[in-house]
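Analysis of the macromolecular model
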Amino acid sequence: RKSGEGKKQSSLNIMGLSDWFSSKPAAEPAKPAPKIGKSGKKICCSCPETKKPRDECIVKNGEENCKELIEAHKACLRAEGFSVA
């Protein structure tokens, strides 16, 4: 054994670092199940009748010029039971 090894190991134990270095990474917490709307679809797939026109308008005209379609899509999502700002 080299002269400094014992001191280094004991100082790691005192500081609680030996456990930290030797421990396995913590598992990620389980993600909550995706919320399903009244139609049985996730939010990304709900209201395609308002989503497509909204998206096309935003691409062609910019978000600031599509407020009415954006609000219509939000209203549809709320009717599905989703919480939308």
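Residues numbered from 1 in each chain as written. Predicted model: local features only at pLDDT ≥ 70, side-chain atom pairs only at ≥ 80, totals over all residues. Heavy atoms only, no water.

With that settled, consider helix 4 (residues 67-79). With 13 residues, helix 4 should reach 18 Å at 1.5 Å per residue; the first-to-last C-alpha distance of 18 Å fits that figure. Residues Ile70, His73, Cys76 and Leu77 constitute the buried set of helix 4. Viewed end-on, helix 4 has its buried residues packed into an arc of 125°, placing them on one side of the element. The exposed residues of helix 4 that point more than 90 degrees off its buried face are Lys67, Glu68 and Ala79. On its buried face, helix 4 is in contact with helix 3 (48-61). Positioned one or two residues after helix 4, Gly81 has a phi angle of 105°, which is positive. (Helix = DSSP H or I, 4+ residues; strand = E, 2+ residues; numbered from the N terminus. Expected span 1.5 Å × (residues − 1). Buried < 20%, exposed > 50% of the residue type's maximum accessible area, 1.4 Å probe, protein only. Arc of directions from axis to C-beta. Contact = heavy atoms within 4.5 Å.)

A few words now on helix 3. In an α-helix, one full turn covers 3.6 residues, which means residues spaced three or four apart are oriented alike. Between its terminal C-alpha atoms helix 3 stretches 19 Å, which fits the 20 Å expected from 14 residues at 1.5 Å a residue. For helix 3, the complete set of buried residues consists of Thr50, Arg54 and Cys57. Angularly, the buried residues of helix 3 cover 65° about the axis, an arc narrow enough to put them on a single face. Along helix 3, exposed side chains directed more than 90 degrees from the buried face belong to Lys52, Val59 and Lys60. Buried residues in helix 3 make contact with helix 4. Positive phi shows up at Gly62, right after helix 3, with a value of about 90°.

Taken as a whole, this structure holds 2 salt bridges when the rule is applied. Note that Arg54 and Asp55 form a salt bridge whose closest N and O atoms lie 2.6 Å from each other. On the basis of relative accessibility, which here comes to 29%, the residue Asp55 falls in the partly exposed class. Two residues, Lys74 and Glu71, come together in a salt bridge whose shortest N-O distance is 3.6 Å. Of the two residues, Lys74 and Glu71 both sit in helix 4, 3 residues apart, roughly one turn of that helix. What makes Lys74 partly exposed here is its relative accessible area of 24%. Overall, Glu71 belongs to the partly exposed group, its relative accessible area being 41%. (Salt bridge = Lys/Arg side-chain N within 4 Å of Asp/Glu carboxyl O.)

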